[in-house]
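These are the residues of each chain, in order.
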Amino acid sequence: MNDKERQTMREHIVYLASQLELTRRANQQQMVFIKRILDPEDLGHAVSNECRQIAYTLLINSTHIERDSWQNSNN
């Protein structure tokens, strides 16, 4: 691998790492929002039971997806 190829690979790695960080931050913000919707002392008082149930389902599903991805990466 020559220097130009290494530089290109390095640029791709930096770009992908920055995109991963942006996605991680967006996911964290979504989880914070969903948890606030579920909390009756926060936003939960302003949403219906149906909305809270949907938020709870999203939270549980994201937890399962995250757990499954970690288990699959260890195999």
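Anything mentioned here points back to the structure above.
No experiment lies behind these values; they were computed from the predicted model shown.

Topic: the overall build of the protein chain
Each helix and strand counted, the protein chain has two helices and zero strands in total. Taken over C-alpha atoms, the radius of gyration comes to 19 Å for the protein chain, far larger than the 11 Å a tight globule of 75 residues would show. In terms of its C-alpha atoms, the protein chain occupies a principal-axis envelope of roughly 60 × 30 × 15 Å. By residue count, 7% of the 75 residues in the protein chain fall in the buried class.

Regarding the pattern of salt bridges
Inspection of every chain in the model, using the stated rule, returns five salt bridges. Close ionic contact of D42 with R36 constitutes a salt bridge, the shortest N to O distance being 2.6 Å. Between D68 and R67 there is a salt bridge, with its nearest N and O atoms 3.6 Å apart. Overall, D68 belongs to the partly exposed group, its relative accessible area being 32%. On the accessibility criterion, R67 (42% relative accessible area) is partly exposed. Put simply, E21, R24 and R25 are held in one network by salt bridges that share partners.

Cut-offs applied
Residues numbered from 1 in each chain as written. Predicted model: local features only at pLDDT ≥ 70, side-chain atom pairs only at ≥ 80, totals over all residues. Heavy atoms only, no water. Helix = DSSP H or I, 4+ residues; strand = E, 2+ residues; numbered from the N terminus. Rg over C-alpha atoms; globule rule 2.2 N^0.38 Å. Buried < 20%, exposed > 50% of the residue type's maximum accessible area, 1.4 Å probe, protein only. Salt bridge = Lys/Arg side-chain N within 4 Å of Asp/Glu carboxyl O.

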